[in-house]
Amino acid sequence: MSSLLRLATAGSVDDGKSTLVGRLLYDTKSVLADQLDAVTRASVDRGLDTPDLSLLVDGLRSEREQGITIDVAYRYFATPQRSFVLADTPGHVQYTRNTVTGASTAQLAVLLVDARNGVLEQTRRHAAVLAMLGVPRLVLAVNKIDLVDYDESTFEVIAKEFTDHAVSLGYPVGEVLSIPISALQGDNVVTRSENTPWYTGPALLEHLETVPVAPDPHDAPFRLPVQYVIRPRTADYPDYRGYAGQIASGTVRPGDEVVVLPQGLRSTVTGIDTADGPLGEAGSGNSVTVLLDDDLDIARGDLIASAGSAPEPTDELSATVCWLANSALRAGSRVLLKHGAKTVQAFVEEIVARFDEQQLRAVQAPESLELNHIGQVRLRTSEPLPADDYRTSPRTGSFLIIDPKDGDTLAAGLVGVGFPALGDGQAASTDGQGATG
Amino acid sequence: MTAEHTAEPVAPGSGQDAAIDNLAALESEAIHIFREVAGEFDRPVILFSGGKDSTVLLHLAIKAFWPAPVPFPLLHVDTGHNFDEVIEFRDRVVEKYGLRLVVAKVQDWIDDGRLTERPDGTRNPLQTTPLLDTIGEHGFDAVFGGGRRDEERARAKERIFSLRNAFGQWEPRRQRAELWNLYNGRHRPGEHVRVFPLSNWTEFDVWNYIAREKVELPSIYFAHQRDVYLRDGMWLTEGPWGGPRDGEDVHTRTVRYRTVGDGSCTGAVESTATTIEEVIAEVQASRLTERGATRADDRMSEAAMEDRKREGYF
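Residues numbered from 1 in each chain as written. Chains lettered and ligands numbered in written order. Predicted model: local features only at pLDDT ≥ 70, side-chain atom pairs only at ≥ 80, totals over all residues. Heavy atoms only, no water.

- In the nomenclature of an unreviewed UniProt entry, chain B corresponds to Sulfate adenylyltransferase subunit 2 from the organism Haloechinothrix aidingensis.

- Chain A appears in an unreviewed UniProt entry as sulfate adenylyltransferase from Haloechinothrix aidingensis.

Focus: the overall build of chain A
Here is step 1 of the chain: A tally of helices and strands in chain A yields seven helices and 24 strands.
Here is step 2 of the chain: Counting the 437 residues in chain A, one finds 62% classified as buried.
Here is step 3 of the chain: Within chain A, residue pairs in contact and separated by at least 24 positions form 70% of the contacts whose partners lie at least 6 positions apart.
Here is step 4 of the chain: Only carbon and sulfur atoms are counted for the fraction: they give 47% of the accessible area of chain A, which is about 15800 Å². (Helix = DSSP H or I, 4+ residues; strand = E, 2+ residues; numbered from the N terminus. Buried < 20%, exposed > 50% of the residue type's maximum accessible area, 1.4 Å probe, protein only. Contact = heavy atoms within 4.5 Å. Areas by Shrake-Rupley, 256 points an atom, 1.4 Å probe, with all protein chains shown as cover.)

Quick look at the packing of aromatic side chains
Here is step 1 of the chain: Under the counting rule described, the total for this entry stands at 16 aromatic pairs over all chains.
Here is step 2 of the chain: Between Tyr228 of chain A and Phe65 of chain B the ring centres are 5.3 Å apart and the planes differ by 70 degrees, which places this aromatic pair in the edge-to-face class. Taken together, the residues Tyr228 of chain A in strand β8 (residues 228–230) and Phe65 of chain B in helix α2 (residues 52–65) connect one chain to another.
Here is step 3 of the chain: Judged by its relative accessible area of 1%, Phe65 of chain B is buried.
Here is step 4 of the chain: Three or more aromatic residues joined by ring pairs form one cluster here, namely Tyr228 of chain A together with Phe34, Phe65, Phe72 and Phe144 of chain B.
Here is step 5 of the chain: When the ring centre of Tyr74 of chain A is taken as reference, the NZ or CZ atom of Arg149 of chain B above it lies at 3.8 Å. (Phe/Tyr/Trp six-rings, centres within 6.5 Å; stacked < 30°, edge-to-face > 60°. Lys NZ or Arg CZ within 6 Å of the ring centre and 35° of its normal.)

Here we look at the pattern of salt bridges
All names here are of chain B.
Here is step 1 of the chain: Evaluated as defined, the whole model comprises 41 salt bridges over all chains.
Here is step 2 of the chain: Across the pair Asp53 and Arg148 runs a salt bridge whose closest N-O atoms are separated by 2.9 Å. A residue pair is termed long-range when its members are at least 10 positions apart, and Asp53 in helix α2 and Arg148 in the loop between β4 (142–144) and β5 (161–164) qualify at 95 residues.
Here is step 3 of the chain: Under the relative-accessibility criterion, Asp53 is labelled buried at 15%.
Here is step 4 of the chain: The partner of Arg92 in a salt bridge is Glu88, with the nearest N and O atoms 2.8 Å apart. (Salt bridge = Lys/Arg side-chain N within 4 Å of Asp/Glu carboxyl O.)

Some thoughts on helix α5 (residues 121–133) of chain A
All names here are of chain A.
Here is step 1 of the chain: When the terminal C-alpha atoms of α5 are compared, their 19 Å separation across 13 residues agrees well with the 18 Å that a helix rising 1.5 Å per residue should span.
Here is step 2 of the chain: Judged by how many residues are buried, α5 sits mostly within the fold: 11 of 13 residues are covered.
Here is step 3 of the chain: Positive phi shows up at Gly134, right after α5, with a value of about 75 degrees. (Expected span 1.5 Å × (residues − 1).)

Here's the deal with the sheet that holds strand β9 (residues 242–246) of chain A
Here is step 1 of the chain: With respect to topology, seven strands assemble into an open sheet ordered β7-β15-β11-β12-β14-β9-β8 (chain A), the strand pairing being antiparallel. Two strands in the sheet have a free side with no partner beyond their single neighbour: β7 (223–225) and β8 of chain A. Here the average twist between neighbouring strands, direction ignored, is 40 degrees.
Here is step 2 of the chain: Relative to strand β12 (residues 265–273) of chain A, strand β11 (residues 257–261) of chain A runs antiparallel, the two sharing four bridges. Directly across from Val259 of chain A, in β12 of chain A, lies its bridge partner Arg266 of chain A.
Here is step 3 of the chain: On top of the sheet, helix α1 (residues 22–40) of chain B reaches β8, β9 and β14 (287–292) of chain A; it is set at about 65 degrees to β14 of chain A, its chief contact. (Pairing = 2+ DSSP bridges. Axes fitted to C-alpha atoms, helices over the stretch in contact; angles between N-to-C directions.)

Things to note about the sheet that holds β4 of chain B
The strands that make up a sheet pair up through hydrogen bonds in the backbone, lying either parallel or antiparallel.
Residues and elements named next belong to chain B.
Here is step 1 of the chain: The sheet built from six strands is open, its strands ordered β3-β2-β1-β4-β6-β5 with mixed pairing. In the strand order of this sheet, the two ends are held by β3 (101–105) and β5, each with one partner. Ignoring strand direction, the axes of neighbouring strands in this sheet form an average angle of 30 degrees.
Here is step 2 of the chain: Pairing between strand β1 (residues 44–47) and β4: three bridges, direction parallel. Each bridged residue has a counterpart across the sheet, and for Ile46 the counterpart in β4 is Phe144.

Points about the nonpolar core
One recurring pattern in soluble globular proteins is that nonpolar side chains are buried together.
Residues and elements named next belong to chain A.
Here is step 1 of the chain: Counting residues in hydrophobic clusters, the biggest one holds 78 residues, and the most contacted among them are Val110, Leu133, Phe162 and Tyr171.
Here is step 2 of the chain: Top element by residues in this core is α5. It accounts for seven residues.
Here is step 3 of the chain: Once residues lying within four places of it in the same chain are set aside, the contact partners of Phe162 are Leu111, Val119, Thr123, Ala127, Leu138, Leu140 and Val176. (Core = buried A, V, L, I, M, F, W, Y, C linked by side-chain atoms within 4.5 Å.)

Overview of unusual backbone geometry
Residue and element names in this part refer to chain A.
Here is step 1 of the chain: Put simply, Leu261 and Pro262 share a cis peptide bond, and its omega is 10 degrees.
Here is step 2 of the chain: Relative to the helices and strands, Pro262 is located in the loop between β11 and β12.
Here is step 3 of the chain: A positive phi angle, close to 60 degrees, is found at Lys144, a residue other than glycine.
Here is step 4 of the chain: Overall, the relative accessible area of 18% leaves Lys144 in the buried class.
Here is step 5 of the chain: Phi is positive for Asn372, close to 75 degrees, though the residue is something other than glycine.
Here is step 6 of the chain: Residue position: Asn372 is located in the loop between β21 (368–369) and β22 (374–385).

A few points about the side chain of Asn184 of chain B
Here is step 1 of the chain: With respect to the helices and strands, Asn184 of chain B occurs in the loop between β5 and β6 (192–195).
Here is step 2 of the chain: Of the residues examined, Asn184 of chain B reaches a relative accessible area of 6% and is grouped as buried.
Here is step 3 of the chain: One polar contact links Asn184 of chain B to Thr409 of chain A, side chain to side chain, over a distance of 2.8 Å.
Here is step 4 of the chain: Excluding its chain neighbours within four sequence positions, the residues that come into contact with Asn184 of chain B are Leu400, Ile402, Gly407, Asp408 and Thr409 of chain A together with Phe161 and Arg176 of chain B. (Polar contact = N/O pair within 3.5 Å; in protein donor to acceptor, adjacent residues only side chain to side chain.)

Observations concerning a negative patch on the surface
Here is step 1 of the chain: A cluster of acidic residues, Glu257, Asp293, Asp294 and Asp295 of chain A, forms a negative patch on the protein surface.
Here is step 2 of the chain: Mapping Asp294 of chain A onto the fold places it in the loop between β14 and β15 (303–306). (Patch = residues over 30% accessible without salt bridge, like charges linked within 9 Å, V, L, I, M, F, W, Y side chains within 5 Å. Lys, Arg positive; Asp, Glu negative; His and termini not counted. Charge placed at Lys NZ, Arg CZ, Asp CG, Glu CD.)

Regarding the pairing of strand β2 (residues 74–78) of chain B
Residues and elements named next belong to chain B.
Here is step 1 of the chain: Burial within β2 is extensive, with five of its five residues counted as buried.
Here is step 2 of the chain: Burial along β2 is two-sided: Leu74, His76 and Asp78 and Leu75 and Val77, pointing in opposite directions, are all buried.
Here is step 3 of the chain: Two strands pair when backbone bridges link them, and β1 and β2 are joined in this way by two bridges, in the parallel orientation. Bridge pairing links Leu47 to Leu75 in β2.
Here is step 4 of the chain: Of the crossover connections in this fold, the one passing from β1 over α2 to the parallel β2 is right-handed.
Here is step 5 of the chain: In this structure, β2 lies alongside β3, joined through five bridges in parallel fashion. Bridged to His76 within β3 is Val103.
Here is step 6 of the chain: Between the parallel elements β2 and β3, the chain passes through helix α3 (residues 84–96) in a crossover that is right-handed. (Right-handed = clockwise from strand over helix to strand, strands pointing away.)

Here's the deal with the environment of Asp14 of chain A
Residues and elements named next belong to chain A.
Here is step 1 of the chain: Position of Asp14 among the secondary structure elements: in the loop between β1 (3–11) and α1 (17–27).
Here is step 2 of the chain: Separated by 100 residues in sequence, Asp14 and Asp114 have C-alpha atoms that sit 7.9 Å apart.
Here is step 3 of the chain: Apart from residues lying up to four places away in sequence, Asp14 is in contact with Asp114 and Lys144.

Details of the side chain of Glu27 of chain B
Here is step 1 of the chain: Note that Glu27 of chain B resides in helix α1.
Here is step 2 of the chain: Taking relative accessible area as the criterion, Glu27 of chain B reaches 12% and is therefore assigned buried.

Examining the confidence of the model for chain B
Residues and elements named next belong to chain B.
Here is step 1 of the chain: Across chain B, the average pLDDT comes to 82, with 83% of residues at 70 or higher.
Here is step 2 of the chain: Below pLDDT 50 for its whole length, residues 1–19 participates in 41 contacts with residues either more than four positions away or in separate chains.
Here is step 3 of the chain: The low-confidence segment residues 298–302 (pLDDT under 50) makes 14 contacts with residues lying over four places distant or belonging to another chain. (pLDDT = per-residue confidence, 0-100.)

Shown next as structure tokens:
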């Protein structure tokens, strides 16, 4: 059975992300003949001598016209070692929200910089977002190394500056790898390049194929957000009542003592059903239907948790948010908050601080949070929510902020505090538990 | 080198073995999506053509709500250019699972003048109007489709919950951020959401899943003898959509279909694969994507699919 690695790419405009992704697809033979024909035709139309591999991934007409990537593109490729789901995310500042989208489930992120420009504001911002989301591992791909004549000291300066930045965001030095590459020429992408004899590390694909993927911890507390109550009321199943959902964390077995939140009702698991038959045990990521001993009033939006380690429902949340909308967030705003399978009204009581990801410091009590800002807020919700800290349970520690007027997603929210500069003295989650689901 | 690299070779028995089986993970993700829609929308519907992707979609819906029946109807936009085997299969599936089927016939729209037949006789692009009219007429607010991101470049950028405006149009620049597994299905009256539970599946995953779950498919997916003629490098079959033109010779070939679409523009591939296992071996060895090999409608321009999606196509 081949394993799966979810990864995201990020970087600034013109760093060559799409070319790198095109190169990975091309060199892993994931590009089929007709796709390459189409790209070759389009490249000739544009007056190019060789196929422009970025055309493999820049899917929207306006992207091809402007030569930039606007939206997250999902790519699927495989080698004999591993299957990859790759989220190729945009570099333009106004599309950083899409970087957040692409990275929220990533187990590793590849950040690109142009060897001629080095670490930019956007690089630092992306690294901060990745740290906040708890993406466990970073790769810095120093691209266009051919354009600086494969110069070792240029690479070393960029790698050191980036590694220092990542470490200050909470990454252990061993989880940050810098690789000199040329996406256009193929240096160090799939195979190690003879043009960089001073570089002794792995080629990018080699690293992606072998980097360990942290499995969900087996002993994490059980969490099941109830999505849907299954009540067939058919002749065969007149009294069946099952609670359907995808296990967010931990494992469950028949006989386990559970508590239903926010009500606080206690019960015992009597069965775990699937269409393929009952299970003796089910773990994180599985969609199941849980049966309980008692006839309780449980609805969509409730959380079934292990009785021994259940979260305390609260209507006061302290959270880090990444603001994704053009309109600013101000204290006093009324919003909707979606957590698990529940959407409630919420009131923004206070914007505590904004994280300045350039200077790595907190700006206390800002007036507002603007597009792409990361900040610490206090929220009050209309009903108590059984939320976990994001760092211990990302699936039950994350939420969306939604505009009640038009339904747009305004922010990504993480329960708890994600930055050393934002006050609690703890580093961002880099322990392999974050955002791997 | 400044940063240490962590690329240690991974020995068997280390943490990687704990990785969840890829197909099981994709199935759980799709079931989660079906249940979210059932929980949040008033009138969902599943687009069902009888093709392999929509058949897998229905299989997943049945599993998501078992032992209760699927709480949504099916919608088939019927071009009139059908393969008999597929319509027979569609009706049998509907009967077997006690489902409700809504059929929107392109012919009805042509008959009353809301649509005009194209000079080339192809009806695939004509499906958009009947689809949007039917969505509006029934008040469907969530529409499940079998689209996958690996199919095509524009699809690669689409969200799993994809908001359509009151004109049924996809606006790529207004897509919502989609984070973790938290899906935002809010929409205003008149808008609807297209939902793609198979977004993260590849063609290969779909076939492997069909084999593993023993999902029944229409017979045209497997090799059979058929009278076909060659047009634009594709083997087309005779039918009510018009037959071979002058100079297009009819041959009897052993073929199968990789997709099910409008008969006028869906080509067969030469194949001897009569079992799922043989089909999988063929897909694995194939040098052409399924759309590129067999769908004339995607060859029209560099942005053919994007343009149709903006208009409200599947």
